Number of protein chains: 2
Amino acid sequence: MEESSEEVFTDNDNLDEETLFIVSQTFKALGDPTRIRILHLLFNKEYSVNEIAEKLQLKQSTVSHQLRFLKNLRLVKYRRAGTTLFYSHDDQHVIGILKQTIEHALH
Amino acid sequence: MEESSEEVFTDNDNLDEETLFIVSQTFKALGDPTRIRILHLLFNKEYSVNEIAEKLQLKQSTVSHQLRFLKNLRLVKYRRAGTTLFYSHDDQHVIGILKQTIEHALH
DNA sequence: TTAAAATATGAACATATGCTAATATAAGCA
DNA sequence: TGCTTATATTAGCATATGTTCATATTTTAA
């Protein structure tokens, strides 16, 4: 057996701090019903902040806060059109996991 | 097109309360570093509560609490051997998602 | 430049979460 | 039975989280 040149495995059993942080943050984003509903709404098309608030019966402020959260994790992005911001999802991997899990939950 | 006898789709755009709850609970379980570390440790083999505590440098109480959390969601199960309980994972789907996401985080 | 529309931000609040110490339970064995 | 080991439980605490109200910012257009 020879040592790989790509990576050195000193402790194969432990996750490093950074990986642990990224992974837990990602799942934390999906661990709240409001954020799941927002991401679910954005599955197929973009929506403005007010549209999201209307569709999901949430306060504009709530939506804005959660979108900021999701944007910090690069799970959504937006496009500006005048004073309106159209949000859409921005992470195929995470969206895929969410879709999978919703399917799974629906049996 | 005929109506399926299995399910009626009244509002395709909205997730029902129960699905929302299950999905968010599942992700909440994965949204904490300690629980990720425990599940990650259990990827390949079973461990007793004390072994988990030692390996991960956690208090016995902390491990026991988190295992209860994970067991309530049927993410782990245990087998008794005398006074010792050996825990192992119990949800291939969730373990798969966790593996995927760790891989993804490691680039 | 001023008003209107859309969105973002900050502060306050209630609730949720995770860890810890102390103690309770449960099983095996002398 | 009484002791030991392994695990679970309870309560308390500090911090994190999610929502809301009030207000600030930003962009556009008159």
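Per an unreviewed UniProt entry, chain A is named DNA-binding transcriptional regulator, ArsR family, and its organism is Sediminibacillus halophilus.

K.L.:
Explanation requested: the relation of the copies chain A and chain B in the structure shown.
P.N.:
Relating one copy of the chain to the other takes a rotation about an axis and a shift parallel to that axis. Overlaying chain A with chain B gives an RMSD of 0.0 Å, the required rotation being 180° about an axis along which the chain moves by 0.0 Å. Put plainly, the chains are arranged around a two-fold axis. In terms of proximity to the rotation axis, the leading residue of chain A is A:Phe27, whose C-alpha is 2.7 Å off the axis.

K.L.:
What is the right way to read the interface of chain A and chain B from this model?
P.N.:
As a measure of interface size, the accessible area lost when the parts come together is often cited. Residue-level contacts link 30 residues of chain A with 30 residues of chain B. Both sides together, the interface formed by chain A and chain B hides about 2,800 Å², and carbon and sulfur atoms give 71% of it. Three residues, A:Leu15, A:Phe27 and A:His93, lead the burial of chain A against chain B; their summed loss comes to 20% of the area buried on that side. In this assembly, chain A and chain B are joined by 0 salt bridges. At the level of elements, helix H1 (17–29), helix H2 (33–41), helix H3 (49–56) and helix H5 (92–105) of chain A are the ones that each hand at least two residues to the side of chain A that touches chain B. At 8 residues, the largest contribution of residues to the side of chain A that touches chain B is made by H5(A). Of the residues contributing to the side of chain A that touches chain B, the split by class is 14 nonpolar, 10 polar and 6 charged.

K.L.:
Quick question: what am I supposed to make of the protein's contact with DNA strand C here?
P.N.:
Around DNA strand C, a shell composed of 24 residues is seen, among which A:His65, A:Tyr87, B:Thr34, B:Arg35 and B:Gln66 lie nearest. Backbone atoms, meaning sugar and phosphate, make up 70% of the atoms of DNA strand C lying within 4 Å of the protein. Here a phosphate oxygen of DNA strand C sits 2.6 Å away from a polar atom, N or O, in the side chain of A:Tyr87. Within the side chain of B:Thr62, an N or O atom sits 3.1 Å from a phosphate oxygen of DNA strand C. For the surface near DNA strand C, the element with the most residues is helix H4 (residues 60–72) of chain A, which contributes 5 residues. The residue inventory of the surface near DNA strand C, partitioned by class, reads 3 nonpolar, 15 polar and 6 charged.

K.L.:
Is there a simple way to think about the protein's contact with DNA strand D in this case?
P.N.:
Around DNA strand D, the structure places 24 residues, and the nearest of them are A:Thr34, A:Ser61, A:Gln66, B:His65 and B:Tyr87. Sugar and phosphate atoms form 67% of the subset of DNA strand D atoms that lie within 4 Å of the protein. Measuring from a base oxygen of DNA strand D, one finds a side-chain N or O atom of A:His65 at 3.1 Å. Of all the secondary structure elements, the ones that give two or more residues to the surface near DNA strand D are H2 and H4 of chain A together with helix H3 (49–56), helix H4 (60–72) and strand S3 (84–89) of chain B.

K.L.:
I tried to follow the sheet that holds strand S2 (residues 76–81) of chain B on my own but got confused; where do I start?
P.N.:
Strands belonging to one sheet form pairs held by backbone hydrogen bonds; the direction of such a pair is parallel or antiparallel. Residues and elements named next belong to chain B. Strand order in this open sheet of 3 strands is S1-S3-S2, and the pairing throughout is antiparallel. For this open sheet the edge positions go to strand S1 (47–48) and S2, each flanked by a neighbour on one side alone. Where S1 and S3 come together, 2 bridges link them in antiparallel fashion. Its bridge partner lying in S3, Tyr 47 is registered against Tyr 87.

K.L.:
In this structure, what is going on with the packing of helix H2 (residues 33–41) of chain B against H4(B)? I would like to understand it.
P.N.:
The relative placement of two packed helices comes down to the angle between their axes together with the axis-to-axis distance. Residue and element names in this part refer to chain B. H4 packs onto H2 with a crossing angle of 80° between their chain directions and a minimal axis gap of 10 Å. Relative to H4, H2 is oriented roughly perpendicular. In contact with Thr 34, Arg 35, Ile 38 and Leu 39 of H2, H4 contributes Thr 62, Gln 66, Leu 67, Phe 69 and Leu 70. A breakdown of the residues in the contact of H2 with H4 according to their chemical character gives 5 nonpolar, 3 polar and 1 charged.

K.L.:
Would you explain the nonpolar core in this entry?
P.N.:
Soluble globular proteins tend to bury their nonpolar side chains together. By size, the foremost hydrophobic cluster in this structure holds 61 residues, and its most contacted members are A:Ile52, A:Leu67, A:Leu98, B:Ile52, B:Leu67 and B:Leu98. Beyond its immediate sequence surroundings of up to four residues, A:Leu98 is in contact with A:Leu30, A:Ile36, A:Leu39, A:Phe43, B:Val23 and B:Phe27.

K.L.:
Just checking my understanding: could you explain H5(A) for this structure?
P.N.:
Its 14 residues give H5(A) an end-to-end C-alpha distance of 20 Å, which sits within 8% of 20 Å, the value for a rise of 1.5 Å per residue. If you check which residues of H5(A) are buried, you get A:Val94, A:Ile95, A:Ile97, A:Leu98, A:Thr101, A:Ile102 and A:Ala105. Down the axis of H5(A), the buried side of the element spans an arc of 160°, and every buried residue falls inside it. In this structure, H5(A) carries A:Gln92 and A:Glu103 as exposed residues pointing more than 90 degrees from its buried face. Buried residues along H5(A) sit against H1, H2 and strand S3 (84–89) of chain A together with helix H1 (17–30) and helix H5 (92–105) of chain B.

Calculation criteria
- Residues numbered from 1 in each chain as written.
- Chains lettered and ligands numbered in written order.
- Predicted model: local features only at pLDDT ≥ 70, side-chain atom pairs only at ≥ 80, totals over all residues.
- Heavy atoms only, no water.
- Least-squares fit on C-alpha atoms with pLDDT ≥ 70 in both.
- Contact = heavy atoms within 4.5 Å.
- Buried area = accessible area lost by both parts, 1.4 Å probe.
- Salt bridge = Lys/Arg side-chain N within 4 Å of Asp/Glu carboxyl O.
- Helix = DSSP H or I, 4+ residues; strand = E, 2+ residues; numbered from the N terminus.
- Nonpolar A, V, L, I, M, F, W, Y, C, P; charged D, E, K, R; others polar.
- Near = heavy atom within 4 Å.
- Polar contact = N/O pair within 3.5 Å; in protein donor to acceptor, adjacent residues only side chain to side chain.
- Pairing = 2+ DSSP bridges.
- Axes fitted to C-alpha atoms, helices over the stretch in contact; angles between N-to-C directions.
- Parallel < 35°, antiparallel > 145°, perpendicular 65-115°, else oblique.
- Core = buried A, V, L, I, M, F, W, Y, C linked by side-chain atoms within 4.5 Å.
- Buried < 20%, exposed > 50% of the residue type's maximum accessible area, 1.4 Å probe, protein only.
- Expected span 1.5 Å × (residues − 1).
- Arc of directions from axis to C-beta.

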